[in-house]
Amino acid sequence: MGNCRVKQSRRKFIKAAAAAGGLLATGIVNPFNAVIFATERPEDPTKPWWGYGIDIEKCIGCGRCANACKLENDVPKEPFYFRTWVEQYTIKNDGSVKVESPNGGINGFKQTVPEADIFKAFFVPKMCNHCHKSPCVQACPVGATYDSPDGVVLVDESYCIGCRYCVQACPYGCRYIHPEKNVVDKCTLCYHRISKGKTTACVEVCPTHARILGDLNDQEGELYSFMKNHNCLVLKPHLNTGSKLYYNALSAEVR
Amino acid sequence: MPPQLKTLIPLFAIFIFLFLLGRYLLVPESFGEQGHYRFNSVAENKDLSLQYAGRDACAECHDDKALEMESDMHAGLSCEICHGPGMVHYDNPKAGQLIIPDQREHCGLCHATNLTRVDKIAQVDLADHNPDQKCIECHNPHLPWEIAE
């Protein structure tokens, strides 16, 4: 009975209105998409598109990367904020996982689980993933954090209002509020170094070559061959962040 | 012209003018050049000063040490892993003395026994292996397998 009361013409009008509304909505949203993801991977292969590789099999957990990062980038020693840090994962025989990172690994690690209980253990260095579709960039209300044209997520210190939205938005916990400057701070992939042809401080001091900085556009490059030769994964792929930090030998336990 | 418009048009014009003026004054230079951010910030990020000079920079003067290291297990390691950032020293060799870590704990950062790094690197039980001596009294850190008498 209810159906009969709706006139044919009204039904047509609703259909047309829905279609028009849908078109209008996509028309409005699409340009915003272009603003949010303004930085695209350069099609010109001579232009860099920075990425990063970490070989968990090689990391010995010396924490020199975390130490060098603090010295290079003026990160306060205390309180314990880090742009990069190392975590020690211990997977016990009963399946439970213990994660430790005392002072980010700068003062070294101790194995606190008795040897008989350990199923496997490894170190995981963590840092900004320099996502292509960064949740943090999208969260910033003032445009103080952005993707540089070569794919590095940077912060505009003089423009940041310290609202902490990006700290919340980053699924990898890679941002902190600088206690002296009161603005957000994060790994810049040593942008001041890589743009001068040097490598990052963490890569510079890694004794086992577990860290690789590279240009994803450079098919002859070290990172490209690292990714080709290893079974590389990114952290939290289900979040579709477009992470450009590739791990070799990444266990499912790593969060 | 309807009389309402006579008052509304100037009012709207003032609003639009004020909006444009405010926008002109508040939007910083180079904002929106490449995206929703201040493009000058990219250059500002590039301009920060360097602390780590890199291994090649060290080898420009200390080529003897660099060559010495290449003959033993520590080949390929960067000097600044142990000696700390050296850019100040590189720019002015008289200033910016680098550190020479001699504590057992420093060697232990890589070499202390830890099941997590087993099979990856030579490991030493710091509590057991000559606990009263410094590592570098016997081991030359540049040539770790050349053991002093």
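### Here's the deal with the domain arrangement of chain B
Residue and element names in this part refer to chain B.
Then, number 1: Here the domain parsing of chain B yields domain 1 (50-99) and domain 2 (101-149).
Then, number 2: Once you take the C-alpha centre of each, domain 1 and domain 2 turn out to be 21 Å apart.
Then, number 3: Contacts between the two partners involve eleven residues from domain 1 and, on the opposite side, ten residues from domain 2.
Then, number 4: For the pair domain 1 and domain 2, the summed buried area comes to about 870 Å², and 60% of that belongs to carbon and sulfur atoms.
Then, number 5: Ranking the residues of domain 1 by area buried against domain 2 places Glu68, Asp72 and His74 at the top, with a combined share of 49%.
Then, number 6: At the surface where domain 1 touches domain 2, the tally comes to zero salt bridges.
Then, number 7: Counting residues per element, the ones that place at least two in the side of domain 1 that touches domain 2 are helix 4 (63-69) and helix 5 (80-83).

### Some words on the nonpolar core
Residues and elements named next belong to chain A.
Then, number 1: With 42 residues, the main nonpolar core has Tyr52, Leu189 and Tyr247 as its most contacted residues.
Then, number 2: For this core, the secondary-structure elements that each account for two or more residues are strand 1 (50-55), helix 3 (64-73), strand 2 (84-92), strand 4 (118-127), helix 6 (191-194), helix 7 (201-205) and strand 11 (245-248).
Then, number 3: The residues contacting Leu189, other than those within four sequence positions of it, are Trp50, Tyr52, Met127, His130, Val152, Ile194, Thr200 and Leu213.
Then, number 4: Among the nonpolar cores identified, the runner-up in size contains eleven residues, and Cys136, Ala144, Val153 and Val184 belong to it.

### Points about helix 7 (residues 104-111) of chain B
Then, number 1: Within helix 7 of chain B, the full set of buried residues consists of Arg104(B), His106(B), Gly108(B), Leu109(B) and Cys110(B).
Then, number 2: Turning to helix 7 of chain B, the residues buried within the fold contact helix 3 of chain A together with helix 5 and helix 8 (135-138) of chain B.

### As for the pairing of strand 11 of chain A
Residue and element names in this part refer to chain A.
Then, number 1: Neither face of strand 11 is left uncovered, since the one carrying Leu245 and Tyr247 and the one carrying Tyr246 and Asn248 both have all their residues buried.
Then, number 2: Where strand 10 (residues 232-233) and strand 11 come together, two bridges link them in antiparallel fashion. Across the sheet, residue Cys232 finds its bridge partner in strand 11, namely Asn248.

### Observations concerning the interface of chain A and chain B
Then, number 1: Contact residues are listed per partner, giving 47 residues for chain A and 36 residues for chain B.
Then, number 2: Taken together, both faces of the contact between chain A and chain B bury some 3300 Å²; the carbon and sulfur share is 61%.
Then, number 3: For the chain A face of the interface with chain B, the top three residues by lost area are Ile60(A), Tyr146(A) and Glu204(A), together amounting to 17%.
Then, number 4: Inspection of the region where chain A meets chain B yields one salt bridge.
Then, number 5: The salt bridge involving Asp156(A) is made with Arg38(B); its shortest N-O contact spans 2.7 Å.
Then, number 6: Taken together, chain A and chain B are joined by 21 residue pairs in polar contact (both at pLDDT 80 or more).
Then, number 7: Counting only elements with at least two residues in the side of chain A that touches chain B, the list comes to helix 3, strand 4, strand 5 (145-147), strand 6 (153-155), helix 6 and helix 7 of chain A.

### Quick look at the side chain of Thr90(A)
Residues and elements named next belong to chain A.
Then, number 1: Note that Thr90 resides in strand 2.
Then, number 2: For Thr90, the side chain forms a polar contact with the side chain of Gln111, separated by 3.5 Å.
Then, number 3: Here Thr90 is in contact with Ser96, Val97, Lys98, Gln111, Val113, Ile118, Lys120 and Ala121, once residues within four sequence places are set aside.

### Considerations on unusual backbone geometry
All names here are of chain A.
Then, number 1: Note that the residue after Glu78, namely Pro79, is joined by a cis bond; omega there is -5°.
Then, number 2: Tracing the sequence through the fold places Pro79 in the loop between helix 3 and strand 2.
Then, number 3: You will see that Leu189, though not glycine, has its phi angle at about 55°, which is positive.
Then, number 4: On the basis of relative accessible area, Leu189 is assigned to the buried category, the value being 2%.
Then, number 5: In the Ramachandran plot, His209 falls in the positive-phi region, its phi being about 60° despite a non-glycine side chain.
Then, number 6: Within the secondary structure layout, His209 lies in the loop between helix 7 and strand 9 (211-215).
Then, number 7: Using a relative accessible area of 38% as the deciding quantity, one classes His209 as partly exposed.

### Examining the packing of aromatic side chains
Then, number 1: This structure, assessed with the given rule, holds six aromatic pairs over all chains.
Then, number 2: Consider the rings of Tyr159(A) and Phe31(B), whose centres lie 5.6 Å apart with planes at 55°: the pair is tilted. Of this pair, Tyr159(A) sits in the loop between strand 6 and helix 5 (165-169) while Phe31(B) sits in the loop between helix 1 (3-26) and helix 2 (40-46), each in a different chain.
Then, number 3: For Phe31(B), a relative accessible area of 21% translates into the label partly exposed.
Then, number 4: Ring geometry for Tyr37(B) versus Phe39(B): centroids 6.3 Å apart, planes at 50°, classification tilted.
Then, number 5: Site record: aromatic cluster; members linked through ring pairs are Tyr146(A), Tyr37(B) and Phe39(B).
Then, number 6: The ring of Phe82(A) carries the charged tip of Lys70(A) above its face, separated from the ring centre by 4.2 Å.

### A few points about the sheet that holds strand 2 of chain A
Residues and elements named next belong to chain A.
Then, number 1: Pairing is antiparallel across the open sheet formed by three strands, whose spatial order is 3-2-4. Edge strands, defined here as strands with exactly one partner in the open sheet, are strand 3 (97-100) and strand 4. Neighbour-to-neighbour, the strand axes of the sheet open up by a mean angle of 20°, direction not taken into account.
Then, number 2: Pairing of strand 2 with strand 3 involves four bridges; the strand directions are antiparallel. When the sheet's bridge partners are listed, Gln88 is paired in strand 3 with Glu100.

Parameters and conventions
- Residues numbered from 1 in each chain as written.
- Chains lettered and ligands numbered in written order.
- Predicted model: local features only at pLDDT ≥ 70, side-chain atom pairs only at ≥ 80, totals over all residues.
- Heavy atoms only, no water.
- Domains from an automatic or database assignment.
- Contact = heavy atoms within 4.5 Å.
- Buried area = accessible area lost by both parts, 1.4 Å probe.
- Salt bridge = Lys/Arg side-chain N within 4 Å of Asp/Glu carboxyl O.
- Helix = DSSP H or I, 4+ residues; strand = E, 2+ residues; numbered from the N terminus.
- Core = buried A, V, L, I, M, F, W, Y, C linked by side-chain atoms within 4.5 Å.
- Buried < 20%, exposed > 50% of the residue type's maximum accessible area, 1.4 Å probe, protein only.
- Pairing = 2+ DSSP bridges.
- Polar contact = N/O pair within 3.5 Å; in protein donor to acceptor, adjacent residues only side chain to side chain.
- Phe/Tyr/Trp six-rings, centres within 6.5 Å; stacked < 30°, edge-to-face > 60°.
- Lys NZ or Arg CZ within 6 Å of the ring centre and 35° of its normal.
- Axes fitted to C-alpha atoms, helices over the stretch in contact; angles between N-to-C directions.

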